[in-house]
2 protein chains.
Amino acid sequence: MIVPAKNPSETNREYAFRVISENIISLEIEPGSMIGEQEIATILGLSRTPVHEALLELSKSKIVDILPQKGCSVSMIDSDLIREARFLRITVEAALVEDACELATEADLQELEENLQLQEFYLKKDQSKLLTLDNDFHEIIYRICNKMQCHYMVSLMSMHFDRVRNLSLRSVKDLKIVSDHRAIFDAIKAKDPVAARAAFQKHMARFDLDWNIISQEYKQYISDGKN
Amino acid sequence: MIVPAKNPSETNREYAFRVISENIISLEIEPGSMIGEQEIATILGLSRTPVHEALLELSKSKIVDILPQKGCSVSMIDSDLIREARFLRITVEAALVEDACELATEADLQELEENLQLQEFYLKKDQSKLLTLDNDFHEIIYRICNKMQCHYMVSLMSMHFDRVRNLSLRSVKDLKIVSDHRAIFDAIKAKDPVAARAAFQKHMARFDLDWNIISQEYKQYISDGKN
DNA sequence: GTAAAATAACTTGTATGCAAGTTATCTATA
DNA sequence: TATAGATAACTTGCATACAAGTTATTTTAC
């Protein structure tokens, strides 16, 4: 488990939530493995209380399963939950990119452009930074549309999806993510909602294709075996 | 504060969450009022811990605001958050009713029909039961589409919306909710996704009209004053 | 040696006490 | 009386202890 330094401005609970989340998404903690509150508390130098509260929040999205009086396990990769997360993101964000065509200011467009520059820069240098930049890109769109509360909800569920996206970055060589983002950006800048929705849906459709590769290569992390 | 009996199968935390939620949505606890953990814990006959955890979960949807070392307040009626909740519901459920046209089995249709019968029955008898039946109707659609996790996320945000819907039931006499639901049901039964989406959007559009009435009649509960 | 029962070592749920910070009240001083 | 400062009474965040339930181990009986 990778333990970054605690940000002084965050509470112990927020710190625990952040560290556990990052380790789950990065697969540093393996899907299906058991994690105890006391164990994590000791590693982070905290008591059980803030860790317990962090795990409670994570359990709401079923990214961890709390089994009372038994323990807490990181969820296996679950195609149903990934489908839900994907459905939620596609549905919500397809509507958002349309709205963004109307709402985006010049400053907003510049912020998106800046993010895209970094994506293109790190595409060949450090793909691990792409995940963060991808998240940022989508978050900016939520902010443009004044839908940050929706972003929190979608993000929580997207953790299932993010884990797979992480696998995808390892196993799929020919990434089109960055050029997809530029197509979405171009449509928003051109104030063309039809093109924006189309570009976004094309972007998200790629993860359909990846699933077959992932499900074979990482079979040990996938629940049930079906799909 | 109305305190229903504790269900033996639920934990103290779940009980606290349920009671607090119900009292907020029903406006039994007034928007803007302060609620202390110890105060609620005493009323419910619990310690602070499960109450604290319940309030933490509620704070994630901003339906309560936790002010560290100061207290916990029930949020004022916030048009931005209502808009977000409404956007999320409309966007997600419009997509769901389309999918339900394909996925609904005979048993599913019968369950919806049964719910509709009860709605029509209670429309003139006891409107307080309509809110629950309305929630049930929408939940059945989530279940048909196997999107219960999305339902949890949308429900949490919808509490902002539900409070207003409650006001709406008081202030708006001519309710079309039940006939709206029947129109949605008919479209799903006819496996007509275009009609289903249209009927659903017509349904949700009513709350636009209600807002003006609500914002004037219940001014003291509304944050800021703008909109 | 095997199986069943007792027990010890775990887990999370909850209660309680203290720490740290905010707010209201009371007191002192001009 | 008005104002500033000290203080007492609150609040939530967190640590710790215990309760209740599960699992692994050990012991005992055959």
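Keep in mind it's a predicted model, so treat the numbers as computed, not measured. (Residues numbered from 1 in each chain as written. Chains lettered and ligands numbered in written order. Predicted model: local features only at pLDDT ≥ 70, side-chain atom pairs only at ≥ 80, totals over all residues. Heavy atoms only, no water.)

Caption draft 1: Layout of the overall build of chain A. Helix and strand counts for chain A stand at 9 helices and 3 strands. Start at the N end of chain A and walk to the C end: the helices and strands fall as α-β-α-α-β-β-α-α-α-α-α-α. Seen through its C-alpha atoms, chain A measures out along the principal axes to roughly 55 × 45 × 30 Å. A separation threshold of at least 6 residues defines the contact pool for chain A, and within that pool the share at least 24 residues apart is 73%. Counting only carbon and sulfur atoms, one obtains 52% of the accessible surface of chain A, whose full area is about 10700 Å². In chain A, 28 side chains carry a positive charge and 36 a negative one; their mean positions are 3 Å apart. (Helix = DSSP H or I, 4+ residues; strand = E, 2+ residues; numbered from the N terminus. Contact = heavy atoms within 4.5 Å. Areas by Shrake-Rupley, 256 points an atom, 1.4 Å probe, with all protein chains shown as cover. Lys, Arg positive; Asp, Glu negative; His and termini not counted. Charge placed at Lys NZ, Arg CZ, Asp CG, Glu CD.)

Caption draft 2: Spotlight on the interface of chain A and chain B. Counting from both sides, the interface comprises 27 residues of chain A and, opposite them, 27 residues of chain B. The junction of chain A with chain B conceals about 2500 Å² of combined surface from both sides, 67% of it contributed by carbon and sulfur atoms. Considering only the surface of chain A that becomes buried against chain B, Phe87, Gln149 and Met153 of chain A emerge as the three largest contributors, covering 26% of it. Run the count over chain A and chain B and you get 2 salt bridges. Across the salt bridge formed by glutamate 57 of chain A and lysine 60 of chain B, the nearest N and O atoms sit 3.2 Å from each other. For the pair chain A and chain B, the interface holds 12 residue pairs in polar contact (both at pLDDT 80 or more). Looking at the side of chain A that touches chain B, the elements with two or more residues in it are helix 3 (48–60), helix 4 (79–103) and helix 7 (148–171) of chain A. The biggest single contributor to the side of chain A that touches chain B is helix 4 of chain A, with 10 residues. (Buried area = accessible area lost by both parts, 1.4 Å probe. Salt bridge = Lys/Arg side-chain N within 4 Å of Asp/Glu carboxyl O. Polar contact = N/O pair within 3.5 Å; in protein donor to acceptor, adjacent residues only side chain to side chain.)

Caption draft 3: Up close: the relation of the copies chain A and chain B. Mapping chain A onto chain B is achieved by rotating through 180° and translating by 0.0 Å along the same axis, at an RMSD of 0.0 Å. Read as a symmetry element, the transformation amounts to a two-fold axis. In this assembly the copies share their binding face: 100% of the residues contributing to the interface of chain A also contribute to that of chain B. (Least-squares fit on C-alpha atoms with pLDDT ≥ 70 in both.)

Caption draft 4: Layout of the protein's contact with DNA strand C. Within the structure, DNA strand C sits among 21 residues, and His52 of chain A together with Asn12, Ser47, Thr49 and Lys70 of chain B are positioned closest to it. Here, DNA strand C places atoms within 4 Å of the protein, and 64% of those atoms are sugar or phosphate. Between serine 47 of chain B and DNA strand C, the recorded distance is 2.4 Å, taken from a side-chain N or O atom to a phosphate oxygen. Where the surface near DNA strand C is concerned, the elements lending two or more residues are helix 3, strand 2 (64–67) and strand 3 (71–74) of chain A together with helix 1 (12–25) and helix 3 (48–60) of chain B. Top element by residues in the surface near DNA strand C is helix 3 of chain B. It accounts for 3 residues. Per-class residue counts for the surface near DNA strand C are 6 nonpolar, 9 polar and 6 charged. (Near = heavy atom within 4 Å. Nonpolar A, V, L, I, M, F, W, Y, C, P; charged D, E, K, R; others polar.)

Caption draft 5: Quick peek at the protein's contact with DNA strand D. Around DNA strand D, the surrounding shell holds 21 residues, and the nearest of these are Asn12, Ser47 and Thr49 of chain A together with His52 and Gln69 of chain B. Those atoms of DNA strand D that come within 4 Å of the protein belong to sugar or phosphate at a rate of 65%. In the model, a phosphate oxygen of DNA strand D is placed 3.4 Å from a nitrogen or oxygen of the arginine 13 of chain A side chain. Take glutamate 37 of chain B: an N or O atom from its main chain is 3.3 Å from a phosphate oxygen of DNA strand D. At the level of secondary structure, the elements contributing two or more residues to the surface near DNA strand D comprise helix 1 (12–25) and helix 3 of chain A together with helix 3, strand 2 (64–67) and strand 3 (71–74) of chain B. It is helix 3 of chain A that provides the largest number of residues to the surface near DNA strand D, a total of 3 residues. Its residues assigned to classes, the surface near DNA strand D comprises 6 nonpolar, 9 polar and 6 charged.

Caption draft 6: Molecular detail of the pattern of salt bridges. All names here are of chain A. Counting across every chain of the model gives 30 salt bridges over all chains. In this structure, arginine 182 and glutamate 120 form a salt bridge, with 2.8 Å as the shortest nitrogen-oxygen distance. Of this pair, arginine 182 sits in helix 8 (residues 177–189) while glutamate 120 sits in helix 5 (residues 106–125), and the two are 62 residues apart along the sequence. Taking the relative accessible area as the measure of exposure, arginine 182 reaches 21% and is therefore partly exposed. (Buried < 20%, exposed > 50% of the residue type's maximum accessible area, 1.4 Å probe, protein only.)

Caption draft 7: Fine view of the domain arrangement of chain A. All names here are of chain A. As far as domains go, chain A holds domain 1 (12–74) and domain 2 (79–221). Averaged C-alpha coordinates put domain 1 and domain 2 at centres separated by 26 Å. The interface of domain 1 with domain 2 comprises 14 residues on the first partner and 13 residues on the second. For the pair domain 1 and domain 2, the interface holds 2 residue pairs in polar contact (both at pLDDT 80 or more). (Domains from an automatic or database assignment.)

Caption draft 8: Structural view of the pairing of strand 2 of chain A. Residue and element names in this part refer to chain A. Taken together, the 4 bridges between strand 2 and strand 3 define a ladder with antiparallel strand orientation. Bridging across to strand 3, aspartate 65 finds its partner in serine 73. Adjacent in sequence and paired antiparallel, strand 2 and strand 3 are bridged by 3 residues, among which glutamine 69 carries a positive phi angle near 60°. (Pairing = 2+ DSSP bridges.)

Caption draft 9: Local environment of the nonpolar core. Val92 and Ile188 of chain A together with Val92 of chain B are the most contacted members of the largest nonpolar core, which totals 138 residues. Residue contacts for valine 92 of chain B: discarding those within four places in its chain leaves Phe87, Leu88, Thr91 and Val92 of chain A together with Tyr142 and Val154 of chain B. (Core = buried A, V, L, I, M, F, W, Y, C linked by side-chain atoms within 4.5 Å.)

Caption draft 10: Region of interest: the packing of helix 5 (residues 106–125) of chain B against helix 6 (residues 128–144) of chain B. Residue and element names in this part refer to chain B. The geometry of helix 5 relative to helix 6 is characterised by a closest axis approach of 10 Å and an angle of 170° between their N-to-C directions. On the basis of the axis angle, helix 5 is roughly antiparallel to helix 6. Crossing hand, helix 5 versus helix 6: left-handed. Taken together, the residues of helix 6 that come into contact with helix 5 (itself represented by Asp108, Glu111, Leu112, Asn115, Leu116, Leu118, Gln119, Tyr122 and Leu123) are Lys129, Leu130, Leu133, Asp134, Asp136, Phe137, Ile140, Ile141, Arg143 and Ile144. (Axes fitted to C-alpha atoms, helices over the stretch in contact; angles between N-to-C directions. Parallel < 35°, antiparallel > 145°, perpendicular 65-115°, else oblique. Left-handed = near helix turned anticlockwise from the far one by under 90°.)

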